[in-house]
Structures are given as C-alpha cells and as structure tokens.
Amino acid sequence: MFNLVLFGPPGSGKGTQSEKLIQQYGLIHLSTGDLLRKEMKAGTPLGNEAKSLIEKGQLVPDEVVVGMISSALDANAGANGFLFDGFPRTIAQAEALDRLLELKKTAIHKVLFLMVNEEELITRLVGRAKTSGRLDDADPDVQRKRQDVYKNETLPVAGYYQNQDKVERIEGEGSIDEIFDRLRQSIDKAMAEEA
Ligand code: B4P
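The model shown is predicted, which means the values in this text are computed figures rather than measured ones.

Cut-offs and rules
- Residues numbered from 1 in each chain as written.
- Predicted model: local features only at pLDDT ≥ 70, side-chain atom pairs only at ≥ 80, totals over all residues.
- Heavy atoms only, no water.
- Core = buried A, V, L, I, M, F, W, Y, C linked by side-chain atoms within 4.5 Å.
- Buried < 20%, exposed > 50% of the residue type's maximum accessible area, 1.4 Å probe, protein only.
- Helix = DSSP H or I, 4+ residues; strand = E, 2+ residues; numbered from the N terminus.
- Contact = heavy atoms within 4.5 Å.
- Pairing = 2+ DSSP bridges.
- Axes fitted to C-alpha atoms, helices over the stretch in contact; angles between N-to-C directions.
- Near = heavy atom within 4 Å.
- Polar contact = N/O pair within 3.5 Å; in protein donor to acceptor, adjacent residues only side chain to side chain.
- Areas by Shrake-Rupley, 256 points an atom, 1.4 Å probe, with all protein chains shown as cover.
- Salt bridge = Lys/Arg side-chain N within 4 Å of Asp/Glu carboxyl O.
- Expected span 1.5 Å × (residues − 1).

Enquirer: I keep staring at the nonpolar core and nothing clicks. Help me out?
Expert: Within soluble globular proteins, side chains that are nonpolar generally end up buried alongside one another. Grouped together as the largest cluster of nonpolar side chains are 33 residues, with contacts concentrated most on Phe7, Ile69, Leu73, Phe84, Leu97, Ile108 and Tyr161. Those elements that place two or more of their residues in this core are β1 (4-7), α2 (32-42), α3 (45-54), α4 (62-75), β3 (82-85), α5 (91-103), β4 (110-115) and α8 (140-162). Per-element tally for this core: the top contributor is α4, with seven residues. If we skip the residues at most four places from it in the chain, Phe7 touches Lys14, Pro88, Val111, Leu112, Phe113, Leu114, Tyr150, Thr154, Leu155, Val157 and Ala158.

Spelled out as structure tokens, the structure:
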C-alpha cells in the first residue's frame, strides 16, 4: 500500500494533478474539497454547514472532514493506496489521519508540496472563477482570506510531516504536464524505496 499527500496552497494545482496521478498509479483519490462540494450540492445538513464557511474562505471543522475521511477509508478497504488531496489542512487533521492509518496498519509514505508563488495562485483562481461556479473563487477578498487561512492553519502541516522526514518540495509552476513529470519522478522513487 502506498499513501500520498498532495500538499499546497489553494490553487496550487492539487485537484488538477490528482486527476492525472490516480490514472497513473491506481490510487483512490480522496479530496475533502470534492466531498464537501458533493454534500453542498445534495443540500445535506453537513453540506449547508460547510457552504456557509467555504463561501467566507474559512475551513470546515476538523471533526467534519476527519469523519468524511474515516468513512472513505472504511469504504475502500481493499485499496492499493490513497491520494489525499486538500487534506490534512490543520495539524489536528494530520494527527487524526496518522491515527486512522495506524489502525489500518499503514501510514503516509510521502508528502509532495507544490510550490507556487501567491501572484500566480490568485491569477489561477481568478481564471477558475470564470468556469467553476465556485462560491469561494468569485470574490477576491475571499481568495485573500483563503491564502491567509492557508498560511496560518495549513502551512504548519508541512512542518509536521517535515519532522517525519516525508516532505518533498516540487516546483508547481510550468505546464501541467511538466509538473506531472516532476511529481511522477518523486513518486516512482518513493515507491521503489517502499518496495
Ligand atoms: P479544495 O477543493 O481543496 O481546492 P483548492 O485548494 O482551491 O484548489 P487546488 O489546489 O485543488 O487547485 P486546482 O487544481 O483546482 O478546497 C476548497 C475549500 O473547501 C477550502 O477552501 C475549504 O474551505 C474547504 N476544505 C477542503 N478541504 C478541507 C479540509 N481538509 N479542512 C477544512 N476545510 C476544507 O487549480 C486551480 C486552478 O489553476 C484551476 O483553474 C486549474 O485549471 C489551474 N491550474 C492548475 N495547474 C496549473 C498550471 N500548471 N498552470 C496554470 N494553471 C493551472
């Protein structure tokens, strides 16, 4: 089993690269952003709670996302491995994930950190707003808030995994295929080391 975290600020391309990586490696894609958007679309109580936070650029409570991930892990018991996209986003989520994986006698093997400068992130999110219909893309103030939340609450997660010696920084600017090749090189190396 090989478990990967794709890490980076909002708009760094986690969702874009995840789509390609799951095709290449047959991992189960767990995106808390996608799971939350499904709940919002279905109008569930959880989705309605998430909507009011996401449209302000805030994070959804840890218990909510950890609960969703726990259910998804249970639902995919026979998986070759998981690609965590947009999760964990706080230290508490990272600790909870370690505990959940330990119960399943596995762990996170690699954290790939997509490095993209803030100006480029805003340009990408403004571009995504034109087609995504996402409430958190349209408003520049919300985008700035999301970048602030990232720096204060999510960036420390990189330090958490750095202490476990699992982080590799990947240049996240360039064409989608160039970045995919960089990610592939790191994953192939990490998989060979695990084998
Ligand atoms: P997410 O859905 O995780 O999304 P994201 O961080 O905005 O974007 P991502 O990095 O995936 O970028 P993408 O590939 O789309 O989160 C949404 C919200 O849900 C959060 O703000 C939060 O409120 C909530 N949430 C989610 N998980 C949570 C958690 N664990 N805890 C609490 N709350 C949580 O790329 C962005 C754009 O760039 C796209 O338009 C793409 O086409 C473009 N792009 C990609 N690669 C490019 C490249 N190489 N060059 C140019 N453009 C590129």
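What follows picks up the thread again.
Enquirer: Got a minute to help me understand the sheet that holds strand β5 (residues 167-171) in this structure?
Expert: Strands pair in a sheet through their backbones, by hydrogen bonds, and they do so in one of two ways: parallel or antiparallel. One open sheet accounts for five strands, arranged β2-β3-β1-β4-β5; its pairing is parallel. The open sheet terminates on both sides in strands that have one partner only, identified here as β2 (28-31) and β5. Across this sheet, the average inter-strand angle for adjacent strands is 20°, counted without regard to direction. Sheet topology note: the β4/β5 ladder contains five bridges and is parallel. Along β5, the bridge assignment pairs Met115 with Glu171. On top of the sheet, α8 reaches β1, β4 and β5; it is set at about 145° to β1, its chief contact.

Enquirer: In this structure, what is going on with the site of the ligand? I would like to understand it.
Expert: Of all residues adjacent to the ligand, which total 29 residues, the nearest are Thr16, Thr32, Gln58, Arg128 and Arg146. The separation between an oxygen atom of the ligand and a polar side-chain atom of Lys14 is 2.9 Å. With respect to the ligand, the side chain of Arg89 contributes an N or O atom lying 3.1 Å from an oxygen atom. Calculation on the ligand without its partners gives an accessible area of 1000 Å², and the protein chains cover 87% of this total. Broken down by element, the residue count for the shell around the ligand peaks at four residues, all from α2.

Enquirer: Mind showing me how you'd approach the pattern of salt bridges here?
Expert: For side chains bearing opposite charge, pairing can occur when the charged atoms are close. With the rule as written, the count across this model stands at 14 salt bridges. The salt bridge partner of Lys20 is Asp177, with a shortest N-O separation of 3.0 Å. You can see Lys20 sitting in helix α1 (residues 14-25) and its partner Asp177 sitting in helix α9 (residues 176-194), a full 157 residues away along the chain. Asp177 sits in the partly exposed class, given a relative accessible area of 47%. Between Asp34 and Arg37 there is a salt bridge; the shortest N-O distance is 2.9 Å. Of the two residues, Asp34 and Arg37 are both situated in helix α2; the distance of three residues between them amounts to about one turn of the helix. A relative accessible area of 32% places Asp34 in the partly exposed class. Note on Arg37: relative accessible area 29%, which makes it partly exposed.

Enquirer: Help me understand unusual backbone geometry, please; the structure alone is not making it clear to me.
Expert: Most of the time, phi is negative for any residue but glycine, and the peptide bond is trans. The amide bond that connects Phe87 to the next residue, Pro88, takes the cis arrangement and shows omega of -5°. Considering the arrangement of structural elements, one finds Pro88 in the loop between β3 and α5. You will see that Lys105, though not glycine, has its phi angle at about 60°, which is positive. When you line up the elements, Lys105 lands in the loop between α5 and β4. With a relative accessible area of 77%, Lys105 lands in the exposed category. Phi angles above zero are rare outside glycine, and Asp165 is one such case at about 60°.

Enquirer: For this particular structure, what's the right way to read α8?
Expert: Each full turn of the α-helix corresponds to 3.6 residues, which orients residues three or four apart in the same direction. Helix length check: α8 (23 residues) gives 31 Å between terminal C-alpha atoms against 33 Å at 1.5 Å per residue, within 8%. Within the span of α8, buried status applies to Val142, Gln143, Arg146, Gln147, Val149, Tyr150, Thr154, Val157, Ala158, Tyr160 and Tyr161. Between the side-chain oxygen of the N-cap and the backbone nitrogen of Asp141 there are 2.8 Å, and the N-cap of α8 in question is Asp139.

So, to be careful, I would describe these as geometric facts and stop short of saying anything about function.
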